[in-house]
Amino acid sequence: MAAPYQEAIPLHEPKSFWTKYVWSQNHKVIAIQYTLTAVAVGLVALVMSWLMRIQIAFPGSVAFIDPSTYYQLVTMHGMIMVIYLLTAIFLGGFGNFLIPLMVGARDMVFPFVNMLSYWAYLLSVLVLMASFFVPGGPTGAGWTLYPPQAILPGTPGSGGGIVLMLVSLILFIVAATMGGLNYVTTVIQARTLGMSMMRLPLSVWGIFMATILALLAFPALFVGSVMMLFDRLLGSSFFMPAVVSMGKMLDYEGGSPVLFQHIFWFFGHPEVYIVALPAFGIVSDIISTHARKNIFGYRIMVWAIVCIGVLSFIVWAHHMYVSGMNPYFGFFFAITTLIIAVPTAIKVYNWVLTLWQGNIHMTVPMLFAVAFVSTFTIGGITGLFLGNVVIDLPLSDTYFVVAHFHMVMGVSPILVVFGGIYHWFPKITGRMLDDRLGHLHFWLTFLGTYAIYFPMHYLGFIGMPRRYYAYEGYDFIPESAQDLNVFITVSALLVGVAQFIFLYNLAHSVFKGKSAGSNPWNATTLEWQTPETPPRHGNWGNKLPVVYRWAYDYSVPGEEKDFIPQNQPPRRGNLEPTGTPATHNT
Amino acid sequence: MDDTLMITFAVTGFVFVAVNLFMAYALVRYRYRPERRARYEPENRKLELWLTGLTTVGIVIMLAPGLIVLADFIHVPQNASVIEAVGKQWQWSFRFPGKDGVLGNTKPQFISFQNPFGLNPDDPNAQDDVLITGSELHLPVNQPVQILLRSYDVLHDFYVPHFRVKMDAVPGIVSTLWFTPTRAGRFDLACAEYCGIGHHTMRGAVYVDDQVTFQNWLGNQSTFSQTNNATTSRQEDNLIQQGRLLAEKQGCLGCHSIDGSPSAGPTWKGLLNRTETLSDGSTVVVDENYIKDSILNPNASVIKGYSPIMPAYDLSDQELDALIAFTASLSLTDNSATNLVSVGKQLAEQQGCLSCHSLDGSSSAGPSWKNLFGKTENLADNTTVVVDDHYLKEAILNPSATIVAGFSPIMPSYQFNDQELEALIAYTKTIH
Amino acid sequence: MQIKRNKSSWLPAEGLIDSSQNRFSVSNEKFGLRLFLTVVSSLFLLLIISYKIRMGLADWHSLPQLTLLWINTAILGISCIGFQRAKLAASQNQLDKVKFNLLFGGLLTCVFLIGQVMVWKQLSTMGFYLENNPANSFFYLITGLHGLHLIGGLIAWSNTSIQLFCNNHHSNLSSSVELLTIYWHFLLAVWLILFTIIVMT
């Protein structure tokens, strides 16, 4: 029996500075807290990447980067970027801000838990940063933290560093779970009247599916981390076989390093879709808004998101083709991995087809969205190389893999983060970001990241291994490869510097940006239809919006304006649903 | 395999170019004009089905040859010769089965610097195994070879870029890969799974020779029985080694040092047959019986100056014998002060130096001792130093102050007396 | 107004849809709790799978029989009965009965947790330390995580109980008690599965 529709319980409005901006239970404030923290820690990781690239291109030029420090940089850069930046900003940043607004709710359904989630995230970041200050420094085991090396001497940070890393991850998982419960419950239970699931914008679908993945996949990381902590602190042998380390026979026996890899990648593969799916959703919304055209094939886009999410749980061992696991597994995982390429490719076609016969404004958000499609295509394509086991054999653990995952994780989603910020900044602050600076930032970043990663594929093809501190003395690496490395490093440093244009733009426009009005892009989705901009506490004023149409009524024939907001009633006056999927002729 | 690669390149290359060009065209052709309207088309079933179908076909075209080649990769040919490659931080060793064609059994418990492969000395198949250290392997051309991979300590990966195959070496299991070298020459061998701070230095070479050269080379390598006989009596060695391992595993070395430095319990260096005063004032000669009693019932006879905190260990007779043999080996230097170099060599073996410092130049946790004396080294604090008597003494007594650049500060300090330091230095001078 | 399109293309529905039909007819809190229990199930499922895999490797030695473990299981079961009765009483607004049964359930859970710690002590005096055998390691890990989840539940329980006892009234009594009961039954079910697996191997 259907539950009667309820007007949401009005939230008590906070009064003091502390409850408004610090201990806030308001999803918009929490979103900004998440984003600022993620960007701050991401900048730390960005600087780490500069140091790494300088070492590769100009070996020995920076005195304090010895092999130990180098591998610590590699590890912390990777872990911070994947977990503490990308996951936190897409789920905690974009998810928190957009979901209640796009579904027509006043806030998340569990605001207190939402607030706790941010503070747990911040705590996890602080614990991670603390690992820089323990003896031995932070862990240098690679972001994948493979045992036995992660907890044995010979790897940097095998003392306190790895312990703090694992504790930090456990805290992050607690934070992500608290947030995730909110996002899923809000999407399912708190949609406003008329907002059916198939009327949700794709941004919500992307974040929603990603959150479900997070809720089911993070327990695997939790289990792996706890077991590795036990091995390290209590001497158990979950993952530790009999080991003779530094001439000493250690007390471990019988454990399986490959078991850790299975557990880790069971989490690790869905993790990359946790980052990619929100990006997919946001790109769909940006393209359709700025091209004034409905997203092509909305229903199949939704199905593709769901299929990709489900399939992402059965492809994990494509990270383990050369791990020494049972070689017959390779058949199964190669097949599932290449199957998952099909719905992903369909999404790419649909974005491109949305542009076809559109009416395209080349705004800064649109530029970033288009750049996403281009870079994600190449990144996804190199994934097809790696998914095929025998092609993975020469390419695994080389710079080909590094180029691949930076394209699909480090370039494309980051471009969407930028695009999303340029797109929604006016709603968050009521002001526009500076357009010229935005264009400059875009071109430097887009062309720069291509310059960095396109040649890197070639380096992987010739066999240059990854996670190497230096490459001297290898005959199979030609001299010219070093020139290429220098080119890549210089490009990386330039791209890095270009990001300060963006930061300046953000800081400046918050105070001095051009006034935006409530819907500068003339978009259809609900978040642009709030009575005030920036939206005030409770988002919608006295009455919740009512939704009458899907999220993509752009350029509807016969309409005066080239868009119809979701909460605009049909002109007929008759509110009965028409044009349902079952009927074809109206 | 190369065909699969080319096919993949072709299909994906086409898609990449097509998508980008199409997008670029659409952006130009359909850029905003106020008098235009975009097309309103929520769906186009037919088009979507076609695209899905074509994509699936493309995927199958790439996947099918890949899986066929994979089947080839998994099935090792009957006529493949079998050899073993062992990875440890940070060098490769190799083993051929020798005349009997069978590789001997190994166990981690047997690993010592005299028996680096951990071969079971009682296994007859192991006797003729040909052992190669120093990270350089020779293979005959056009002969398929299956490599069984092992690791002592952490994950490594056997990767020869020119052969375009690789496989992880995992401690605790034996993994495998096979290939047929088709061209003679020298090819780089690199480690392709991050294994610690020496990962980038864990390199070697694979030489592919014609049959004659290869057989010559193989004949010149030593077998397990040969390396075994070169050292002191095998039985005794194993017992000492067992005792050492027991001492490490049971945690004895947490309170008893082996280099003479003071600790919670008496040092074991020179312990055997020493005269000690007990806490009750009486004296005792530390012989086998006393040691056994101290292990089984420690607090009955504690040495003066030490607290009665040692727990009892319920060890078997065999284990007790092993521990006593190990303790005895730590006393040899006191009596056989004949040749300074051989004393130094003994010290180096007993105190475990050779687990981190190689004698043949191969890279390891610490700098190799080959040609070390007189060398100019860069230190971690950016100074340079000539490795002389003074530096070596410093490095042994206070290692973290004098770390060579590129190495981690993990060496423990050894509180040797002057005579022992002289002996070690004398030994080092002889290593070329 | 004709919209030019292919014959079999889909048009999104315009107008007012009663979207209440695709929402679940439970409270948000209950939905959230059930979602959380899915996550917890995923956690314990992964533990069980790892247990099975690790069990297959060479050095596995089974644990000894532990009578205390059976007793603890019974105690947990009885505590759940307490919660169930509290839930029934709450729906009929019988405050005194709720108080009694809540207290009963919570205190018995504490007894269970103490009993688990006693099992740990028993194992280590018998020489089954955590580190010397994977079966032990898993036992400590699994019981430890299960216990931690119970402690989390006890925090929520004390929140509800304090409100009930101090103010003699609770704003959402029947909802809170129901949520606690669902959680306790879930953890009991998880424990029964874990217990069976441990005892059988």
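Our subject is the structure listed above.
Let us look at the structure shown here. What you see is a predicted model, and the numbers here were worked out from it, not measured in a lab.

The rules behind the values
Residues numbered from 1 in each chain as written. Chains lettered and ligands numbered in written order. Predicted model: local features only at pLDDT ≥ 70, side-chain atom pairs only at ≥ 80, totals over all residues. Heavy atoms only, no water. Helix = DSSP H or I, 4+ residues; strand = E, 2+ residues; numbered from the N terminus. Rg over C-alpha atoms; globule rule 2.2 N^0.38 Å. Buried < 20%, exposed > 50% of the residue type's maximum accessible area, 1.4 Å probe, protein only. Contact = heavy atoms within 4.5 Å. Buried area = accessible area lost by both parts, 1.4 Å probe. Salt bridge = Lys/Arg side-chain N within 4 Å of Asp/Glu carboxyl O. Expected span 1.5 Å × (residues − 1). Bend = angle between axes of the 7 residues up to and from the residue. Core = buried A, V, L, I, M, F, W, Y, C linked by side-chain atoms within 4.5 Å. Patch = residues over 30% accessible without salt bridge, like charges linked within 9 Å, V, L, I, M, F, W, Y side chains within 5 Å. Areas by Shrake-Rupley, 256 points an atom, 1.4 Å probe, with all protein chains shown as cover. Pairing = 2+ DSSP bridges. Axes fitted to C-alpha atoms, helices over the stretch in contact; angles between N-to-C directions. Phe/Tyr/Trp six-rings, centres within 6.5 Å; stacked < 30°, edge-to-face > 60°.

## Here we look at the overall build of chain A
Within chain A one finds 14 helices and two strands. Computed over its C-alpha atoms, the radius of gyration of chain A comes to 24 Å, within 12% of the 25 Å expected for a compact globule of 586 residues. Considered along the principal axes of its C-alpha atoms, chain A spans approximately 85 × 50 × 50 Å. Here chain A holds 586 residues, and 70% of them are scored as buried. Contacts in chain A between residues at least 24 apart in sequence constitute 79% of all its contacts with a sequence separation of at least 6.

## Re the interface of chain B and chain A
Each partner contributes residues to the interface: chain B has 94 residues there, and chain A has 111 residues. By the criterion of area lost to chain A, the three top residues of chain B are R37, Y40 and Y194 of chain B, representing 9% of everything that side buries. Inspection of the chain B/chain A interface yields two salt bridges. E43 of chain B is paired through a salt bridge with R299 of chain A; the nearest N and O atoms lie 2.7 Å apart. At 17 residues, the largest contribution of residues to the side of chain B that touches chain A is made by helix α2 (residues 45–74) of chain B.

## Quick word on the environment of S509 of chain A
Residues and elements named next belong to chain A. Tracing the chain through its elements places S509 in helix α14 (residues 479–512). Distance from S509 to F425, taken between C-alpha atoms, is 9.3 Å for residues 84 residues apart in sequence. In this structure S509 touches F425, R431, M432, L433 and D434, once residues within four positions along its chain are discounted.

## What to know about helix α3 (residues 67–103) of chain A
Residues and elements named next belong to chain A. With 37 residues, α3 should reach 54 Å at 1.5 Å per residue; the first-to-last C-alpha distance of 50 Å fits that figure. When the local axis directions of α3 are compared, the greatest deviation, roughly 50°, occurs at G95. Burial of α3 is extensive: 37 of the 37 residues sit out of reach of the surface. Where α3 ends, the next residue or the one after it, G104, has phi of about 85°, a positive value.

## Describing the nonpolar core
Core analysis: the biggest nonpolar cluster contains 338 residues, and Y84 and Y121 of chain A together with F158 of chain B have the highest contact counts within it. The element best represented in this core is α3 of chain A, accounting for 24 residues.

## Focus on a nonpolar patch on the surface
Residues F17, W18, Y21 and W23 of chain A make up a contiguous nonpolar surface patch of about 520 Å² in total accessible area. Mapped onto the elements of the fold, W23 of chain A is located in the loop between α1 (17–22) and α2 (27–57).

## Thoughts on unusual backbone geometry
All names here are of chain A. With omega at -5°, the peptide bond leading from P147 into P148 counts as cis. Position of P148 relative to the elements: it lies in the loop between α4 (111–130) and α5 (160–189). Of note, the amide linkage connecting T533 to P534 takes the cis form, showing an omega dihedral of -5°. Its location among the elements puts P534 in the segment after α14. Its identity is not glycine, yet L145 carries a phi of approximately 50°, on the positive side. Turning to its location among the elements, L145 is positioned in the loop between α4 and α5.

## Looking at the sheet that holds strand β2 (residues 91–96) of chain B
Residues and elements named next belong to chain B. Taken in spatial order, the five strands make up an open sheet running β3-β2-β1-β5-β8, and their pairing is mixed. Strands at the two margins of the open sheet, each flanked by one partner only, are β3 (130–132) and β8 (175–179). Taking each pair of neighbouring strands and ignoring which way they run, the sheet shows an average axis angle of 25°. Relative to strand β5 (residues 145–151), strand β1 (residues 81–88) runs parallel, the two sharing seven bridges. Along β5, the bridge assignment pairs E84 with L148.

## Focus on the packing of aromatic side chains
Residue and element names in this part refer to chain A. The final tally for this structure, using the stated rule, is 78 aromatic pairs over all chains. Between F94 and W424, the ring centres sit 6.2 Å apart and the planes meet at 65°, which makes this aromatic pair edge-to-face. With F94 in helix α3 and W424 in helix α12 (residues 399–429), this pair connects stretches of sequence that are 330 residues apart. Of the two residues, F94 and W424, neither departs from the other in class, the shared state being buried.

## Overview of helix α10 (residues 364–387) of chain A
For an α-helix, the turn length of 3.6 residues means that residues three or four places apart are oriented alike. Here α10 of chain A spans 34 Å end to end across 24 residues, near enough to the 34 Å set by a 1.5 Å rise per residue. The element α10 of chain A is largely enclosed, with a buried count of 23 among its 24 residues.

## Some words on the sheet that holds strand β9 (residues 185–191) of chain B
All names here are of chain B. The five strands are arranged β4-β10-β9-β6-β7 in an open sheet whose pairing can be described as mixed. Two strands in the sheet have a free side with no partner beyond their single neighbour: β4 (136–140) and β7 (165–169). On average, each strand axis in the sheet is inclined to that of its neighbour by 25°, with strand direction left out of account. By the bridge criterion, five bridges tie strand β6 (residues 156–160) to β7 in an arrangement that is antiparallel. Its bridge partner being in β7, D157 is matched across the sheet by D168.

## Looking at the pattern of salt bridges
Under the counting rule described, the total for this entry stands at 20 salt bridges over all chains. The closest approach of N and O atoms between E532 of chain A and R536 of chain A, which form a salt bridge, is 3.7 Å. Between K30 of chain C and E178 of chain C there is a salt bridge, with its nearest N and O atoms 2.7 Å apart. Here K30 of chain C is found in helix α1 (residues 28–55), whereas its partner E178 of chain C is found in helix α5 (residues 173–200), with 148 residues between them in sequence. For K30 of chain C, a relative accessible area of 18% gives the class buried. Connected through salt bridges with shared partners, the residues E84, R95, D129 and R150 of chain B form a single ionic network.

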